[in-house]
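Fold and contact review
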Amino acid sequence: MRLVVDSPAVQHVEQTWPEFRRDPSHLPFGLASDGVSPYGVKSSSHSTWPVVLMKYNVPPWLASKKGFLLLALIILGPKKVKNINIYLEPLVEELQQLWTGVDDVYDGRMERIGRDRWFTLKGVLLWTMHDYPGYAKVSGFQTSGYAACPTCGPALQVARSSHLSKQVYISYFTFLPMDDPLRGT
């Protein structure tokens, strides 16, 4: 995928809800989050989680530029975040309100000739972006230990290796191509 409009998520939204394609004022969003240690100190117990919304109604080369990102919230704490859902709940409520539509939004651009300056703004969250530990925080899935694969779920075969002192995933090769040499091991 090189462009956002080529993604299966955008195509699904446009097929299921055609009004998002018809009206250019509707906003497709992506949500990005990542935990960082302030001041570059990796051993610090302090944790900071910026949560950013990316707007995709701008050209692709501008979508991730500094002036076009929306800082939705910053989660500060002296310790690591245990339950990020508490902090994301107000943002989810606002995104749900945006999904149903916000009436009487004023467009102040002068080039909006022939169209009403007052309109209903709608938005859709297409996806979330984060690293694997962030995936565990945002989705609520466990991504380590005996249930480390959210795709496999309970079908994941795990054994504890006393020699390696860690979990060993027995059926890892099921995701390899059929002709892969590791399938025979």
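Quick caveat, the model's predicted, so the values are computed rather than measured.

1. Brief notes about the pairing of strand E1 (residues 27–33)
Within a regular strand, side chains alternate between the sheet's two faces. For E1, a buried count of six out of seven residues is recorded, marking the element as mostly surrounded by other parts of the structure. Examined bridge by bridge, E1 and strand E6 (residues 123–129) share six bridges and lie parallel to one another. Note on E6: the bridge partner recorded for Pro28 is Val124. In this sheet, strand E2 (residues 47–55) lies alongside E1 in antiparallel orientation, the contact comprising five bridges. When the bridges of E2 are listed, Ser33 appears paired with Val51.

2. So, the side chain of Ser7
Within the secondary structure, Ser7 sits in the segment before helix H1 (8–16). You can call Ser7 buried: its relative accessible area is 1%. A distance of 3.2 Å separates a polar atom in the side chain of Ser7 from the backbone nitrogen of Val10.

3. Regarding the nonpolar core
Ranked by size, the top nonpolar core spans 17 residues in total, and within it Val51, Ile75 and Leu91 carry the most contacts. With four residues, the single largest contributor to this core is helix H3 (residues 85–100). Every residue in contact with Leu91, bar those within four places of it in the chain, is listed here: Leu31, Val51, Leu53, Ala72 and Leu73. Membership of the second largest hydrophobic core comes to nine residues, among which are Met54, Ala63, Val124 and Leu126.

Conventions used here
Residues numbered from 1 in each chain as written. Predicted model: local features only at pLDDT ≥ 70, side-chain atom pairs only at ≥ 80, totals over all residues. Heavy atoms only, no water. Buried < 20%, exposed > 50% of the residue type's maximum accessible area, 1.4 Å probe, protein only. Helix = DSSP H or I, 4+ residues; strand = E, 2+ residues; numbered from the N terminus. Pairing = 2+ DSSP bridges. Polar contact = N/O pair within 3.5 Å; in protein donor to acceptor, adjacent residues only side chain to side chain. Core = buried A, V, L, I, M, F, W, Y, C linked by side-chain atoms within 4.5 Å. Contact = heavy atoms within 4.5 Å.

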